[in-house]
Amino acid sequence: MPAPEPLVFVRLLGAAYLALLVGYYLGMRGLETGESPAPVIDMGITSNGLAGLLLLYFGATGAWSAWGGAAQVFMWVSMLGALAITWRLLGFRRRWISQSTSRENDLNLN
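Residues numbered from 1 in each chain as written. Predicted model: local features only at pLDDT ≥ 70, side-chain atom pairs only at ≥ 80, totals over all residues. Heavy atoms only, no water.

**A look at the overall build of the protein chain**
- Each helix and strand in the protein chain was counted, giving 3 helices and 0 strands.
- Starting at the N terminus, the α and β elements of the protein chain follow one another as α-α-α.
- Computed over C-alpha atoms, the radius of gyration of the protein chain comes to 18 Å, more than 25% over the 13 Å expected from 2.2 N^0.38 for 110 residues, which places it beyond the range of a compact globule.
- In terms of principal-axis extent, the alpha carbons of the protein chain reach across some 65 × 25 × 15 Å.
- With 110 residues in all, the protein chain has 22% of them scored as buried.
- About 8,100 Å² of surface is accessible on the protein chain, with carbon and sulfur atoms providing 69% of the total. (Helix = DSSP H or I, 4+ residues; strand = E, 2+ residues; numbered from the N terminus. Rg over C-alpha atoms; globule rule 2.2 N^0.38 Å. Buried < 20%, exposed > 50% of the residue type's maximum accessible area, 1.4 Å probe, protein only. Areas by Shrake-Rupley, 256 points an atom, 1.4 Å probe, with all protein chains shown as cover.)

**Some thoughts on the confidence of the model for the protein chain**
- Averaged over all residues, the pLDDT of the protein chain is 87; the fraction at 70 or higher stands at 92%.
- Model confidence for the protein chain, summarised as mean pLDDT per element, is weakest for helix H3 (residues 69-109) at 86 and strongest for helix H2 (residues 38-60) at 93. (pLDDT = per-residue confidence, 0-100.)

So, in structure tokens, the structure goes:
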């Protein structure tokens, strides 16, 4: 796998990952206090969904076809992982919304 040049893009990616970790951490803390996780779930769907789609696109167009076998497998597994995380988050968000709606309806009836 060739090293990306210039390295500033790798450092920007690292900064974006750190921002995601902070967002996920704050989301977990919010859940402990009863806040809605919807914004954090949306962040995860956006992040993982776009990453998965980009990896799918570049893999399908042969962007890493000249790389070694292990690197190609890693990229395809990364694409599948990102899309699987996105799928699970979409399901979790759908369940959260239906539970929230059900709780609101129960409160309105009382």
